[in-house]
Each structure stands twice: as structure tokens, then as C-alpha cells.
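Take a look at the letters that make up each chain.
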Amino acid sequence: MLSAVQIKPDVYWVGAIDWNARSFHGYTTEQGITYNAYLILDEKVTLIDTAKITFKDELLQRISSVIDPSKIDVLIANHVEMDHSGNTPTIKALAPNCQIYASAPQGVRGLTAHYGDLGYTGVKTGDTLCIGKRTLAFVQTPMVHWPDNMVTYDAYDKILFSNDAFGQHYATTGRFDDEVDINEALRQARKYYANIVQPYRVQAAGAVKAVRSLGPDALDMIAPAHGIIWRSHVEDILKKYEDEFVSGALAEKAVVVYDSMWGTTDKMAHAITDAFQAKGIPAQLVDLKVTDVSDAMDYFLDCKYVAVGSPTLNSQMLPTVAKFLTYMKGLSPKNEGRVGIAFGSYGWAPLGPKNVGAELQSVGFELPLGVLARNWTADQAYLDEVRDKVLGLLG
Ligand code: FEO
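Rules and cut-offs
Residues numbered from 1 in each chain as written. Predicted model: local features only at pLDDT ≥ 70, side-chain atom pairs only at ≥ 80, totals over all residues. Heavy atoms only, no water. Pairing = 2+ DSSP bridges. Helix = DSSP H or I, 4+ residues; strand = E, 2+ residues; numbered from the N terminus. Axes fitted to C-alpha atoms, helices over the stretch in contact; angles between N-to-C directions. Contact = heavy atoms within 4.5 Å. Salt bridge = Lys/Arg side-chain N within 4 Å of Asp/Glu carboxyl O. Buried < 20%, exposed > 50% of the residue type's maximum accessible area, 1.4 Å probe, protein only.

(A) Spatial organisation of the sheet that holds strand S11 (residues 120–123). The mixed open sheet is built from 7 strands, whose spatial order is S1-S2-S7-S8-S9-S10-S11. Only two strands of the sheet have a single neighbouring strand rather than two, namely strand S1 (5–8) and S11. The average angle at which neighbouring strand axes cross in this sheet is 25 degrees, direction not considered. By the bridge criterion, 3 bridges tie strand S2 (residues 11–13) to strand S7 (residues 38–40) in an arrangement that is antiparallel. Counted as the bridge partner of Trp13 is Tyr38 from S7. Across the face of the sheet, helix H4 (residues 106–115) comes into contact with strand S9 (74–77), strand S10 (99–103) and S11 while running at roughly 120 degrees to S10.

(B) Summary view of unusual backbone geometry. Along the chain, Ala104 connects to Pro105 via a cis peptide bond; the corresponding omega equals 0 degrees. Among the structural elements, Pro105 can be located in the loop between S10 and H4. A cis geometry characterises the amide bond from Val144 onward to His145, with omega recorded as 15 degrees. Tracing the sequence through the fold places His145 in the loop between strand S13 (135–140) and strand S14 (150–154). Located in the positive-phi region is Asp10, a residue other than glycine, with phi close to 70 degrees. Along the chain, Asp10 turns up in the loop between S1 and S2.

(C) Region of interest: the pattern of salt bridges. Under the defined criterion, the tally for this structure stands at 25 salt bridges. Two residues, Arg374 and Asp379, come together in a salt bridge whose shortest N-O distance is 3.8 Å. The partly exposed category is assigned to Arg374, whose relative accessible area is 22%. Here Asp379 falls in the partly exposed class, since its relative accessible area comes to 43%. Here Glu385 ties to Lys389 by a salt bridge, and the two come within 3.9 Å at their closest N and O atoms. Of this pair, Glu385 and Lys389 both sit in helix H12 (residues 380–394), 4 residues apart, which is roughly one turn of the helix. According to the relative accessible area criterion, Lys389 is partly exposed, its value standing at 38%. Each of Glu30, Glu184, Arg187, Arg190, Lys191, Lys253, Asp295, Asp298 and Asp302 takes part in one network of salt bridges that share partners.

What follows is the structure, given as C-alpha cells:
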């Protein structure tokens, strides 16, 4: 039988590890995923979140290693999305008297839509629930990253059950930040922010502020619904969110994202990357043939310079590049102060790179070099010209 992991006296992790997940609605999860759920043994036995439906057995085994699931009195659904609420009906069937709490009104509406009326109690920011010696406090965090999201604070144990906020897609046997490669955990937290939370940075900033308002001594752990639990690096993840993620701060870094048909756009991408390298500006070259858009967005997050290239295919840019631009636009990055470079090749009409440039401008990029469009092939003289133009831009 699978076991629960005690994270504090009478508080257990009872979630699931999805080692083989490699995609979360299109986001590549090269390190897998965990769906965290937490069990608190108090006068009222309380479960926080329920993991994805396909991990029903794993959830129940871990709960059963501590207590009979029929003894659950309270189920807190911090979030409707099905990777966390999937086993709500499972728990209700095993523990028919358990009371289910969700944020009002969106959490209750969402759970009702997905699972029918299982008898939900809506809660709002400021509401509390006494489960014995612990009193749990609810804080709604709408649009971090769905309308219903909320977090639950357990002052007795000094744990914030933060659901998606501060999460990472990182499947490991370690449950805590000090049991895994911390650099990888922080990297996955950044990728998670870039691809999931970024569109709602204003709301995420509010959530971080709410965490800070608890005071420095009020938080021993941040226990998200994905990945490892923060306990030795709480300040590190909060600072990451504040200084690097929600601030939208840009660094002197570059990303060169492109696809190519017969090699000209590829050569231009390398010439542009070489110019950044010559100036000592860290640059990442991203060929969309071999790199997913979710990784491209991870690189993109804090880059001041963003070069996007496509050749022309049937009067359009390549679909891979269109996919990247559509995905990037959907994530609504703060582009103020970003410098764009649109580039690419064409046979008879430079519409691929021109359309790339128009897309970049439509989301706030400046294009000080205009559009670098090359007819047919690029010889070394032209590539040197491209490199020099970028060097000139960098000063
Ligand atoms: Fe991890 Fe919004 O679900």
C-alpha cells in the first residue's frame, strides 16, 4: 500500500505522483507532475484537494495508510480544475457526511457543473473554519489562475495550502524543497509561472502581498497543489515571485525563436544569436522544430530582446511560428520595454517575416530594425550585415 508523508504532526501529504506525464494541456512537463492533496487529523478530519480522477487509487491508499477515508469530515476544494477536484465525488461517496467547502460563488458553481450538487458550502476571504485545535482561514485568489481559486491558511501549523500558486510540475520522491535539486525546483516554478500564471500577474502579485501580510513568523511552509513543498526556501520562492515573476522585470537577455524551411532563416537566427554573444548578452536560440512553445516561453519570460523568425509559406509565416506567437499573445506578457527583431526569408513576397513583425508590434514590441527579410538565400556578406545591424542596435 502507498503511504502518506507526514509534513507536520497530524498533517500529511496524500497526493499522487504522475511520473510519466509529459504534457499538461500542451505544456511540456519533462519532469512529470504531482497532484498534491493534504490530510489534517483534528477533531474534524480534513482533506484539502483530491487529485486527478485517474489517481483515485493512489489518493485513497495514501489516505488509508493514516485513517479510514470514510472518517473524513471536511473536504476543502481550493480549486475546481479537475487535476485537483477530480476525486470530489469519490470522497463524498465514501464519506457521505463530509462537508465540502469551496470559494463562493465560482468554486461552488464550478463543482456543481462538474460533479452535480454534492452539497457545497461557499466561503469567501476572511471566512474561517474551526476543525478542532486548528482554525483554517480562506483567502480567495481569483484568476490565479481560474476565477474560483482560493488558498487555505492553517495558522496552527503555519502552513499555507496555496493550490496552483507557487506550484511546479516536478515529480520526485522528495516532498520538500530541501530533498530535491533546489535549482531544478526553482526552474520548474519559473516555467510554471511563465506558462500558467503569467496572464494573471496582477492577481498573483496580490496573492503574494496577502502572503507577506501574514508576517515573517507566520509561515513555516507553502504547500502547493503541484510539486514540492517549500519549507527551507520559502523566502526564495516568494522573492522569485516578487522580483522576477510578477514584477515583469526584464533582464539584458535575448531569445531567438524561429523555424526554417530551407535554411536561410536558420542562418539568420544564428547570425542574430552570434551578435548577442559578441556583446556578452546571454541568448537562447530556440528552433521550434525541436523545442516546444512552453519552453520558448520559459526562456522568453524576462528577456529584453526577443527575435522571432519565419520564412514565407503560401503568403503566411510557418504554422509553428504562428503557434508560438498565438501562445505568447495568450499569456499576455508585459512587453513594455522589450525590443523585437522580426526576421526571415521569402521567395516572391516577404509576407512571413512581415506578418511576424506585425504580430510583435500588435503586442507592444518596438522593432527598431524594422523587418529583416531576405530573398531566397543568405550568403556570408548578408549574414554579416544582419549581425552588424543587431550589434548596432545593442550599441
Ligand atoms: Fe493545477 Fe488550475 O490546476
